[in-house]
Amino acid sequence: MSLLVIFDKFLQNIFLKQLNFKVQSNSFLKSSGIVFIVNLIVATINYTVPIIVRNITDKDFFPKWIALNSTIAISLVIYVALQAEFTKKISAHHTQNSDITAKNYLNFMKRGLLKIFLFSIPILPFIIWVVRFASPSDSWILATTIVANLFLQSYAVLHSSYLLGMLKIKDFSIGILLSTFSRPLATTAMLLVGLDLYALPLGYMIFALVLLSHSLWVIRRYDREKKLQEDKNFVCKNPSSDKTTVFDLTTEFISISKTVFVFFVLSAFLNVSAIIAERNLQNEDRDLFAVLFTFGQIIHFGSIAFLGAFVAYSAKGRNIKLYLTSVAAVSMIALAIGIGFWLFGPILLAIMNSTEYISQIYTILYFSIFVALYNIIFVSSQYLVSQNDYGTIFILVFFLIIQTVVLINPVLIGLAGLSLFQFVTINNVIALITTTALVLKILLDHNKLKLKHNSINYKFNLG
């Protein structure tokens, strides 16, 4: 009888695990599908900006715009990193504790961000100098505007991540759409009145203000609805219900700093080539690279649109199947977009006012290999952050250093200078090696953990 009971419990355990994964996967795919559609719309809207810039400004202005956009993209890594970190923490608090704990974490970090800003004041001049050095414009005011944008983005993403972490997908999506619509409108207006490069960071600031305003409105609405529901049901709050959750700003700052570092390296891996190209390539190659880099960004952001809910779900536990599903999804989407460029490239180049590069369609597709590989690197890094595995990221750091050094000093590989084809080839090769190393490390670590878990279960069953 005891053997039958053990066997029955064994079958129930397997069934419940499979059912749990099926429910979690279906929920993940449903949420990701919604965010995917929203992010595709966002990517489409965002890339009306370079199209507008290409058509209403001088040809020589466009490479500078793309280079500055890459500089801002690297600085805005704080937005992506904080979204991953806040979403991860809020999702974990909501799942493991309660809505109250998640809301307490939001309020704690609102105060914490203000303290971090005050503590960072002594090093702000250095940060501004670094941004000025990396940007194509030798302007202290422009660099200061870019840095000021970072703090505004931090508050905006904290509140929008609260909605995402609580899986309020509809309200999160509406906020992203509203703020994204506002950016090209504001940027175009500022370009038309002659603000030139300043229109880029100021457009991002408009985006942040709209996102923050909408998120605050939604959160307050939820609080009012919850209070009305509690009053209606005569629910009494227990003041001691959340005493076990204690937040520490130092711990949070260290955790945030690690995530920011990861996404800084991740963003630099994509954008450093655009910054170097604007300074090192010949005039014609420089303009062509700005065009193909723009198409590469469309492929990248169109592909990772699927990942909107990835961190919120993967933070709930180690799930290699969600990781592999996401890798497969972004790879197939990148392939589909690449085929779209191959079929409709001349039309897209005409929209970009770059018909002189129709003969270079295959060069654009060749660079898309780098973008497709980078998408897998991006998914892998998101997964590692959600699992608090920061050590593996040093693989990416190592190859970023190699990428930067070789692109700046091609003499190290026996070349006096780089043609556009050679420039793209270096990026492709380094991305391939990096992708292989990260994916293999994640799979090997998963197998080690699985073997260890099976070994513990085996010993337990013997006991």
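Residues numbered from 1 in each chain as written. Predicted model: local features only at pLDDT ≥ 70, side-chain atom pairs only at ≥ 80, totals over all residues. Heavy atoms only, no water.

Asks: I tried to follow the overall build of the protein chain on my own but got confused; where do I start?
Replies: Along its length, the protein chain carries 16 helices and zero strands. For the protein chain, the proportion of its 463 residues judged to be buried stands at 50%. Taking as baseline every contact in the protein chain between residues at least 6 positions apart, the subset at least 24 positions apart corresponds to 83%. Total accessible area on the protein chain stands at roughly 22,700 Å², and carbon and sulfur atoms take up 69% of it. (Helix = DSSP H or I, 4+ residues; strand = E, 2+ residues; numbered from the N terminus. Buried < 20%, exposed > 50% of the residue type's maximum accessible area, 1.4 Å probe, protein only. Contact = heavy atoms within 4.5 Å. Areas by Shrake-Rupley, 256 points an atom, 1.4 Å probe, with all protein chains shown as cover.)

Asks: Can you help me understand the packing of helix 5 (residues 99-120) against helix 10 (residues 249-280) in this one?
Replies: Pairs of packed helices are described in terms of their axes, by the angle between the two and the distance that separates them. Contact geometry for helix 5 and helix 10: axes closest at 11 Å, N-to-C directions at 80°. The angle between helix 5 and helix 10 falls in the class roughly perpendicular. Residues Tyr105, Phe108, Met109, Gly112, Lys115 and Ile116 of helix 5 form the contact with helix 10, whose participating residues are Leu249, Glu252, Phe253 and Ile256. In the contact of helix 5 with helix 10, the residues fall into seven nonpolar, one polar and two charged. (Axes fitted to C-alpha atoms, helices over the stretch in contact; angles between N-to-C directions. Parallel < 35°, antiparallel > 145°, perpendicular 65-115°, else oblique. Nonpolar A, V, L, I, M, F, W, Y, C, P; charged D, E, K, R; others polar.)

Asks: Explanation requested: the nonpolar core in the structure shown.
Replies: The nonpolar side chains of soluble globular proteins are, as a tendency, buried together. Counting residues in hydrophobic clusters, the biggest one holds 124 residues, and the most contacted among them are Trp65, Phe86, Phe269 and Phe289. Take this core: its biggest share by element is 15 residues, from helix 14 (residues 361-386). (Core = buried A, V, L, I, M, F, W, Y, C linked by side-chain atoms within 4.5 Å.)

Asks: For this particular structure, what's the right way to read the confidence of the model for the protein chain?
Replies: As a note on interpretation, predicted positions should not be read in detail where pLDDT is low. In the predicted model, the protein chain carries a mean pLDDT of 77, and the fraction of residues at 70 or more is 80%. When the elements of the protein chain are averaged for pLDDT, helix 12 (residues 310-314) gives the smallest value, 50, and helix 15 (residues 394-408) the largest, 91. A low-confidence stretch, residues 1-25 (pLDDT under 50), is modelled with seven contacts involving residues beyond four sequence positions or located in other chains. Every residue in residues 239-243 scores below 50 in pLDDT, and together they form four contacts with partners more than four places removed in sequence or on other chains. (pLDDT = per-residue confidence, 0-100.)

Asks: Help me out: how do you make sense of the packing of aromatic side chains in this one?
Replies: How two aromatic rings sit relative to each other is given by the distance of their centres and the angle of their planes. By the definition in use, this model includes 17 aromatic pairs. Ring centres 6.2 Å apart and planes at 25° place the aromatic pair Phe126 and Trp129 in the stacked group. Taken as a pair, Phe126 and Trp129 lie in helix 6 (residues 124-134) at a separation of three residues, close to a single helical turn. For the ring pair Phe269 and Tyr374, a centre distance of 6.3 Å and an interplane angle of 10° mean the geometry is stacked. Note that Phe269 is positioned in helix 10 and Tyr374 in helix 14, a separation of 105 residues in sequence. Each member of the pair, Phe269 together with Tyr374, is buried. Within the aromatic cluster, the residues linked to one another by ring pairs are Phe263, Phe269, Phe289, Phe293, Phe367, Phe370, Tyr374, Phe378 and Phe423. Note that Arg221 overlies the ring of Tyr222, its terminal NZ or CZ placed 5.2 Å from the centroid. (Phe/Tyr/Trp six-rings, centres within 6.5 Å; stacked < 30°, edge-to-face > 60°. Lys NZ or Arg CZ within 6 Å of the ring centre and 35° of its normal.)

Asks: When you look at unusual backbone geometry in this model, what are you seeing that I'm missing?
Replies: The general pattern is negative phi for most residues beyond glycine and trans for most peptide bonds. In this structure, Asp196 is a non-glycine residue whose phi angle is positive, near 50°. You can call Asp196 partly exposed: its relative accessible area is 43%.

Asks: Would you mind going over the environment of Lys170 with me for this structure?
Replies: With respect to the element layout, Lys170 can be found in helix 8 (residues 169-192). In this structure the C-alpha to C-alpha distance between Lys170 and Val38, which are 132 residues apart in sequence, comes to 9.8 Å.

Asks: Please clarify how a positive patch on the surface should be interpreted in this entry.
Replies: Among the surface-exposed residues, Lys110, Arg111, Lys115, Arg220 and Arg224 lie close enough to one another that they form a single positively charged patch. Looking at the positive patch element by element, the count peaks at three residues for helix 5. As for its placement among the helices and strands, Lys115 is situated in helix 5. For Lys115, a relative accessible area of 44% gives the class partly exposed. (Patch = residues over 30% accessible without salt bridge, like charges linked within 9 Å, V, L, I, M, F, W, Y side chains within 5 Å. Salt bridge = Lys/Arg side-chain N within 4 Å of Asp/Glu carboxyl O. Lys, Arg positive; Asp, Glu negative; His and termini not counted. Charge placed at Lys NZ, Arg CZ, Asp CG, Glu CD.)

Asks: Could you clarify how one ought to interpret the pattern of salt bridges in this entry?
Replies: Two side chains of opposite charge can pair, provided their charged atoms sit close to one another. Enumeration according to the criterion identifies five salt bridges in this entry. One salt bridge in this structure joins Asp223 and Lys103, with 2.5 Å as the shortest N-O distance. Taken together, the residues Asp223 in helix 9 (residues 199-232) and Lys103 in helix 5 connect sequence positions 120 residues apart. Linked by salt bridges that have partners in common, Arg54, Asp287 and Glu356 make up one network.

Asks: Please explain the environment of Gly345 as it appears in this structure.
Replies: Within the secondary structure, Gly345 sits in helix 13 (residues 320-351). As a C-alpha pair, Gly345 and Ile364 span 19 residues in sequence and 9.2 Å in three-dimensional space. Each residue touching Gly345, except ones within four places of it in the same chain, is listed here: Gly340 and Ile361.

Asks: Explain a nonpolar patch on the surface here, please?
Replies: A grouping of Leu335, Ile339, Trp342, Leu343, Phe344, Ile347, Ile351 and Tyr362 is seen on the molecular surface, where their side chains present a nonpolar patch of about 890 Å² in accessible area. A total of seven residues in the nonpolar patch trace back to one element, the largest contributor, which is helix 13. Secondary-structure assignment places Ile339 in helix 13. Ile339 sits in the partly exposed class, given a relative accessible area of 41%.

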